[in-house]
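Below, each chain spelled out in residue letters.
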Amino acid sequence: MPKHRNSLNIDPDSKDPMISRRSFLALVGVGACLLGAAQMVNVSLLGFLYPNAMKVPPSVFSLGRPEELLSHEGKVFNPKYKVFVEVKESKVRVQTAVCTHLGCTVNLVDTGYACPCHGSTYDTHGRNTGGPAPLPLVYYHVFKGASGDVMVDKSKTTLDWEEAWYSPTA
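One structure accompanies this document, and this report is about it. (Residues numbered from 1 in each chain as written. Predicted model: local features only at pLDDT ≥ 70, side-chain atom pairs only at ≥ 80, totals over all residues. Heavy atoms only, no water.)

### So, the side chain of Thr96
Cut-off, in case you're wondering: In DSSP terms, a helix is any run of H or I states spanning at least four residues, a strand is any run of E spanning at least two, and both are numbered starting from the N terminus. Think of it in three bands: with a 1.4 Å probe and only protein chains considered, a residue is buried below 20% of the maximum accessible area for its type, exposed above 50%, and partly exposed in between. Think of a polar contact as two N or O atoms within 3.5 Å of one another; within protein, one of them needs to be a possible hydrogen donor and the other a possible acceptor, and neighboring residues in sequence only count if both atoms come from side chains. By definition in these notes, contact holds between two residues if any of their heavy atoms fall within 4.5 Å.
Summarising the element assignment, Thr96 is placed in strand 4 (residues 91–96). For Thr96, a relative accessible area of 5% puts it in the buried group. Looking at Thr96, its side chain comes within polar contact range of the main-chain nitrogen of Val98, at 3.2 Å. With residues near it in sequence (within four places) discarded, Thr96 still touches Lys82, Val83, Phe84, Leu137, Val138 and Tyr140.

### Focus: the state of the cysteines
Basically, it comes down to this: Note on terminology: disulfide denotes any pair of cysteine sulfur atoms within 2.5 Å.
The tally for this structure, following the rule as stated, stands at 1 disulfide. For the unlinked cysteine Cys99, the closest cysteine sulfur is that of Cys115, found at 3.8 Å. For Cys99, a relative accessible area of 3% puts it in the buried group.

### Re the nonpolar core
Let me state the cut-off plainly: In these notes, a set of buried Ala, Val, Leu, Ile, Met, Phe, Trp, Tyr and Cys residues joined through side-chain atoms within 4.5 Å is what counts as a nonpolar core.
Ranked by size, the top nonpolar core spans 15 residues in total, and within it Leu63, Leu69, Val83, Val85, Val92, Val94 and Val152 carry the most contacts. Contributing elements (two or more residues each) for this core: strand 1 (60–64), helix 2 (66–70), strand 3 (83–88), strand 4, strand 9 (139–144) and strand 10 (150–158). Of the residues forming this core, the biggest block, 3 residues, is contributed by strand 3. Residue contacts for Val94: discarding those within four places in its chain leaves Leu63, Val83, Phe84, Val85, Val138, Tyr139, Tyr140, Val142 and Val152.

### Description of the packing of aromatic side chains
Rules: Pairing of aromatic rings covers Phe, Tyr and the six-membered ring of Trp, with a centre-to-centre limit of 6.5 Å; geometry is then stacked below 30 degrees between planes, edge-to-face above 60, and tilted otherwise.
Across all of its chains, the model carries 3 aromatic pairs by this definition. For the pair Phe61 and Tyr81, a centre-to-centre distance of 3.8 Å together with 5° between the ring planes defines the contact as stacked. Pair noted here: Phe61 is in strand 1 and Tyr81 is in the loop between strand 2 (74–78) and strand 3, with a separation of 20 residues, a long-range link. Assessed through its relative accessible area of 2%, Phe61 is described here as buried. When the ring of Phe77 is compared with that of Phe84, the centres are 5.3 Å apart and the planes differ by 55°; the resulting orientation is tilted. Among the residues examined, Phe77 registers a relative accessible area of 34% and is labelled partly exposed. A relative accessible area of 3% means that Phe84 is categorised as buried. These aromatic residues form a ring-pair network of at least three members: Phe77, Phe84 and Tyr113.

So this is what it looks like as structure tokens:
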């Protein structure tokens, strides 16, 4: 037992441990740093092994039954798939709502479309009229699925707005 209450090593001949308070705190600090470094390496290795999969909506999706779809004339925004669905004279066409500049969602305006992020503008057919957008807005392929639903395939695109029309009743 040390003679003084705040001392760990007073008498070199006693059986007290040969470590000072300063050395003990230094060892605790080094141990904490090594433990933190080991945890960072462990997290980075586990992060590397975990798959980096993103939830991406499917490229083929259904718009619904032809009767329901054709009952609403005009252009409607579908926020789930980020597309504009246009119905006119029992025909349907689907156009992307994603700006070709940096991927913002464009807004429908009187003159066509406008990107709220960086000011790109498009006419009613999706052709560039101003701003930094490099490409026009594309139309997606619309077809009738096996279940009878009107389907959209985002992997097949066209820039021809007349070719993009599909008649589900024909």
